[in-house]
Amino acid sequence: MGREVFTEENYKKLDEVIQMYKGKPGALMPVLNEAQKIFGCVSLDIQKEISYGLNIPLAEIYGVATFYSQFSLQPKGEYVIGVCLGTACYVKGSQDIVNEISKKLNIEAGKTTEDGKFTLVATRCIGACGLAPVLTVNEEVYGKIKADDIDSLIGKYM
Ligand code: FES
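All figures in this text were calculated on a predicted structure; none of them were measured in a lab.

## Here we look at the overall build of the protein
Each helix and strand counted, the protein has seven helices and four strands in total. When the helices and strands of the protein are listed from N to C terminus, the series reads α-α-α-α-β-α-α-β-β-β-α. Across its three principal directions, the C-alpha atoms of the protein cover 55 × 30 × 25 Å. Buried residues in the protein amount to 39% of all 158 residues. Taking as baseline every contact in the protein between residues at least 6 positions apart, the subset at least 24 positions apart corresponds to 62%. For the protein, the accessible surface area stands at approximately 9400 Å², while carbon and sulfur atoms represent 51% of it. Averaging the coordinates of the 17 positive side-chain charges in the protein and doing the same for the 20 negative ones gives two points 5 Å apart.

## Focus: the UniProt feature "binding site: [2Fe-2S] cluster" (unreviewed entry) in the protein
UniProt's entry tags Cys 84, Cys 89, Cys 125 and Cys 129 with the feature "binding site: [2Fe-2S] cluster" (unreviewed entry), counted in the numbering of this structure. Spanning 46 residues, the annotated positions come together in the fold, the maximum distance between their C-alpha atoms being 9.3 Å. Inspection of the secondary structure assignment puts Cys 84 in strand 1 (residues 79–84). Position of Cys 129 among the secondary structure elements: in the loop between strand 2 (118–123) and strand 3 (135–137). The class of Cys 129 is partly exposed, set by a relative accessible area of 38%.

## Comments concerning helix 3 (residues 44–54)
Listed as buried for helix 3 are Ile 46, Gln 47, Ile 50, Ser 51, Gly 53 and Leu 54. In this fold, the buried residues of helix 3 make contact with helix 1 (8–21), helix 2 (28–39) and helix 4 (58–67). Positive backbone phi, at 60 degrees, marks Asn 55, one or two positions downstream of helix 3.

## Concerning the domain arrangement of the protein
Parsing the protein into structural domains produces domain 1 (8–67) and domain 2 (79–155). The C-alpha-based centres of domain 1 and domain 2 are spaced at 30 Å.

## With respect to a nonpolar patch on the surface
A grouping of Leu 44, Tyr 62 and Leu 73 is seen on the molecular surface, where their side chains present a nonpolar patch of about 260 Å² in accessible area. Mapped onto the secondary structure, Leu 44 falls in helix 3.

## A short note on the packing of helix 1 against helix 2
Between helix 1 and helix 2, whose axes approach to 10 Å, the crossing angle comes to 165 degrees. Considered as vectors, helix 1 and helix 2 are oriented roughly antiparallel to each other. Note on packing geometry: the crossing formed by helix 1 with helix 2 is right-handed. Contact residues: Asn 10, Tyr 11, Lys 13, Leu 14, Val 17, Ile 18 and Tyr 21 in helix 1; Pro 30, Val 31, Glu 34, Ala 35, Ile 38 and Phe 39 in helix 2. Looking at the contact of helix 1 with helix 2 residue by residue, the class counts come to 10 nonpolar, one polar and two charged.

## Brief notes about the sheet that holds strand 3
Taken in spatial order, the four strands make up an open sheet running 2-1-3-4, and their pairing is mixed. The open sheet has two edge strands with one neighbour each: strand 2 and strand 4 (140–142). Across the sheet, the mean angle from the axis of one strand to that of its neighbour is 20 degrees, orientation sign disregarded. Across three bridges, strand 3 lies against strand 4 in antiparallel orientation. The residue of strand 4 that forms the bridge with Val 137 is Glu 140.

What counts, and where the lines are drawn
Residues numbered from 1 in each chain as written. Predicted model: local features only at pLDDT ≥ 70, side-chain atom pairs only at ≥ 80, totals over all residues. Heavy atoms only, no water. Helix = DSSP H or I, 4+ residues; strand = E, 2+ residues; numbered from the N terminus. Buried < 20%, exposed > 50% of the residue type's maximum accessible area, 1.4 Å probe, protein only. Contact = heavy atoms within 4.5 Å. Areas by Shrake-Rupley, 256 points an atom, 1.4 Å probe, with all protein chains shown as cover. Lys, Arg positive; Asp, Glu negative; His and termini not counted. Charge placed at Lys NZ, Arg CZ, Asp CG, Glu CD. UniProt positions renumbered as here; feature names shortened; annotations may be inferred. Domains from an automatic or database assignment. Patch = residues over 30% accessible without salt bridge, like charges linked within 9 Å, V, L, I, M, F, W, Y side chains within 5 Å. Salt bridge = Lys/Arg side-chain N within 4 Å of Asp/Glu carboxyl O. Axes fitted to C-alpha atoms, helices over the stretch in contact; angles between N-to-C directions. Parallel < 35°, antiparallel > 145°, perpendicular 65-115°, else oblique. Left-handed = near helix turned anticlockwise from the far one by under 90°. Nonpolar A, V, L, I, M, F, W, Y, C, P; charged D, E, K, R; others polar. Pairing = 2+ DSSP bridges.

In structure tokens:
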């Protein structure tokens with residue numbers, strides 16, 4: 001399973017963050033944000049830690065963690081493939097690109113492959129509409145992508 005993020009060291013960092021915000025009003029959002037940064041996700045286990053540490057019911061934390069899209073419940077893969085579904089990219093067929101990657105990696109959008117290598121996400125406009133349809137792999141931007149390109153493009157990261 002990809003990079004190990006649930007390390008003792010990361011839990012220690014989380015605990016420090018919890019101690020920093022404990023008892024302060026509005027503590028939940030900043031703690032969740034920090035947890036997302038530390039672990040790359042806010043899994044149920046992490047939510048339990050926060051619930052215990054801040055003395056906030058787990059159900060409330062779960063509600064917040066699932067409501068806001070900046071939080072993910074699963075760790076992200078080593079490579080995050082983002083396909084822009086903004087208008088310019090969408091009209092140029094970016095949904096086909098999503099489908100193609102989905103098929104190739106055997107995951108739906110928003111999910112991570114079992115080996116922890118790839119996460120597929122649909123993104124909003126990233127401001128590169130002239131290159132539509134646009135795909136990103138971590139910080140790398142690829143423009144004018146066709147469904148036929150997907151095999152070789154993903155192959156580079158396998
Ligand atoms: S709509 Fe895709 S980059 Fe703008």
